[in-house]
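# Coordinate inspection notes
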Amino acid sequence: STQSYMGKYVNRKMSACVLKTFVLVSLISVAMCQFMPINSEQHHHSLAGPGGTTATRNCGTDSTSKLVTFTKSGSSLQVQATGCPGYDWTSASTGFDTRYQCYTNSLPANPIINSAHYVIGTYLYKNGTGTNASPAKGALGFAVNGVPLYSNSDALNRDAYVYEGTTFDTCKGHADPSYQYHYHTETKDGCVTTQVAGQHSPLFGIMADGIPLYGTLGDGGVAPTDLDECNGHTDSTYPFYHYHITPNYAYPYLINCLKGCLNGTTMLGTNVATCVPQATQYDYSSVHTALASFSSTSYTCSKSSASALDFNIFVFVAAALASVMKF
């Protein structure tokens, strides 16, 4: 009958529609799996300000991908960086590539030395004693090449150098599950900066509180012996408060606490310590000049890179969708 025929026709059309929908959803799922990275472990580091899409573009293995700018704007120090180290990072063994991150962060341009300090290390004290129940994780600053400086704690609140050091590349850096290349310790001489015998170590980076970080050596090319709990002091070469990297890969490696107030930083998420300025403060204008010397003449950054495989998958999905719609 006409009614029976119409019923069968409607059922066939509905079945075809359901099938189209199923195939369409399946193809979209395949495409999403292709373009979204799969992490095999929980990402335990964070960095405020990178923004944008998931990183898919690998850094180069020479200096061309290392782009960074340090710009003072009023009370802020603006940091932009690709996050690429500017050398061959492929000897690292975390299983994750090093990719463009396109960081944009603001740090205090005029650091204020706090009466207290904010402990960020795995241990409460720089001699490696006293377990810190809540160590900071992730980025605490930037090296002069635009690579983030990470804390000394891993995802399980353990000493990152002890438990991750074997995965470092020859320059002592590696990437995490978000493909963010970073340092936990001093680097091999010549990779980021070069030490000159008999001289104070050069500027290595800038921390989240705006206070500069220098290499392992102080006045006269001798390792300082008067560093405080944060790994900082003043000396004759740089008569303002600054941090030093610990030599010989000893704890706390970079620093163990932040001495500066954290007002005005986009790192660490929120202001984590009350700012009570101490009586003595310092002029950091010379640091801004030094940082500017490391800035690239031009800066552009993109985290995405469509590979030939990505394009082929796209063509396949598009063709399949066209076929389904004709079905």
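Here the structure is a predicted model, which is why all the values come from computation and not from measurement.

Next up on the list: the overall build of the protein chain. From N to C terminus, the protein chain includes four helices and 13 strands. The burial tally for the protein chain puts 44% of its 327 residues in the buried class. Total accessible area computed for the protein chain in this model is approximately 15600 Å², and 57% of it derives from carbon and sulfur atoms.

Time to look at the environment of Gly190. In this fold, Gly190 is placed in the loop between β8 (181–183) and β9 (203–207). Assessed through its relative accessible area of 48%, Gly190 is described here as partly exposed.

Attention now goes to the sheet that holds strand β2 (residues 76–81). Pairing is antiparallel across the open sheet formed by three strands, whose spatial order is β1-β2-β3. Two strands bound the open sheet, and with one partner strand each, they are β1 (68–73) and β3 (103–108). Averaged over all pairs of adjacent strands, the angle between strand axes in this sheet comes to 20°, irrespective of strand direction. Strand direction decides the pairing type here: β2 and β3, joined by six bridges, are antiparallel. In the strand pairing of β3, Ser76 is matched with Pro108.

Further remarks concern the environment of Trp89. Here Trp89 lies in the loop between β2 and β3. For Trp89, a relative accessible area of 8% gives the class buried. Put simply, Trp89 and Phe168 are 79 residues apart on the chain and 9.0 Å apart in space, counted from C-alpha to C-alpha. Setting aside its immediate chain neighbours within four residues, Trp89 contacts Asn58, Cys59, Gly60, Thr61, Asp97, Thr98, Asp169 and Tyr181.

Side chains of nonpolar character tend, in soluble globular proteins, to be buried together. Counting residues in each nonpolar core, the largest one holds 52 residues, and the members touching the most others are Leu149, Tyr183, Phe204, Met207, Leu213, Tyr243 and Leu291. What Met207 contacts, discounting residues up to four positions off in sequence, is Leu107, Leu140, Gly141, Leu149, Leu213, Tyr243, Ile255 and Leu258.

Mean pLDDT over the protein chain: 83, with 75% of residues reaching 70 or higher. Note that residues 21–52 has pLDDT below 50 and, in this model, 58 contacts with residues that lie over four places away or in other chains. Low pLDDT, under 50, characterises residues 307–317; the predicted model gives this stretch eight contacts beyond four residues in sequence or across chains.

What follows covers empty space enclosed by the protein. By the definition in use, this model includes one cavity of 30 Å³ or more. If you add up the space inside the largest cavity, you get close to 40 Å³. Along its surface, the largest cavity is lined by Leu140, Leu149, Tyr150, Ser151, Asn152, His184, Met207, Pro252, Leu254 and Ile255. Partitioning the lining of the largest cavity into residue classes produces seven nonpolar, three polar and no charged.

With that settled, the discussion passes to the side chain of Asn152. Along the chain, Asn152 turns up in the loop between β6 (148–150) and α2 (160–164). Once residues lying within four places of it in the same chain are set aside, the contact partners of Asn152 are Ile120, Gly121, Thr122, Arg158, Asp159, Ala160, Tyr251, Pro252, Tyr253, Ile255 and Asn256.

Scanning all chains against the criterion turns up five disulfides. What pairs with Cys230 in a disulfide is Cys257, and their sulfur atoms sit 1.9 Å apart. Residues Cys230 and Cys257 are joined through a disulfide that is left-handed, its torsion about the S-S bond being -110°. With a gap of 27 residues between them, Cys230 in the loop between β10 (212–214) and β11 (232–233) and Cys257 in strand β13 (residues 257–260) connect regions that are remote in the sequence. A residue is classified by how much of its surface remains accessible, and Cys230, at 1% relative accessible area, is buried. Here Cys257 falls in the buried class, since its relative accessible area comes to 2%.

A few words now on the pairing of β2. The sheet contact formed by β1 and β2 spans six bridges and is antiparallel. Residue Phe70 lies in a different strand from β2, and its bridge partner there is Val79. Between the end of β1 and the start of β2, which pair antiparallel, lie two residues, with Gly74 showing a positive phi angle near 65°.

Before going further, it helps to spend a moment on the packing of aromatic side chains. Geometry of an aromatic ring pair is reported as the spacing of the ring centres plus the angle between the planes. Overall, the coordinates contain 14 aromatic pairs when judged by the stated rule. Between the aromatic rings of Tyr241 and Tyr243, the centroid separation amounts to 5.6 Å while the plane-to-plane angle is 85°, which identifies the pairing as edge-to-face. Taking the relative accessible area as the measure of exposure, Tyr241 reaches 5% and is therefore buried. An aromatic cluster of three or more residues is present, and its members are Tyr123, Tyr161, Phe168, Tyr249, Tyr251 and Tyr253. Positioned above the aromatic ring of Tyr179 is the side chain of Arg99, whose terminal nitrogen or guanidinium carbon lies 3.7 Å from the ring centre. A cation sits over an aromatic face here: Lys172 above Tyr249, 5.5 Å from the ring centre.

Rules and cut-offs
- Residues numbered from 1 in each chain as written.
- Predicted model: local features only at pLDDT ≥ 70, side-chain atom pairs only at ≥ 80, totals over all residues.
- Heavy atoms only, no water.
- Helix = DSSP H or I, 4+ residues; strand = E, 2+ residues; numbered from the N terminus.
- Buried < 20%, exposed > 50% of the residue type's maximum accessible area, 1.4 Å probe, protein only.
- Areas by Shrake-Rupley, 256 points an atom, 1.4 Å probe, with all protein chains shown as cover.
- Pairing = 2+ DSSP bridges.
- Axes fitted to C-alpha atoms, helices over the stretch in contact; angles between N-to-C directions.
- Contact = heavy atoms within 4.5 Å.
- Core = buried A, V, L, I, M, F, W, Y, C linked by side-chain atoms within 4.5 Å.
- pLDDT = per-residue confidence, 0-100.
- 1 Å grid on protein atoms, 1.4 Å probe; cavity = no way out; pocket = protein on both sides within 12 Å on 5 of 7 lines; lining within 4 Å.
- Points joined across faces, edges and corners; volume = space filled by probe spheres on them.
- Nonpolar A, V, L, I, M, F, W, Y, C, P; charged D, E, K, R; others polar.
- Disulfide = S-S within 2.5 Å.
- Phe/Tyr/Trp six-rings, centres within 6.5 Å; stacked < 30°, edge-to-face > 60°.
- Lys NZ or Arg CZ within 6 Å of the ring centre and 35° of its normal.

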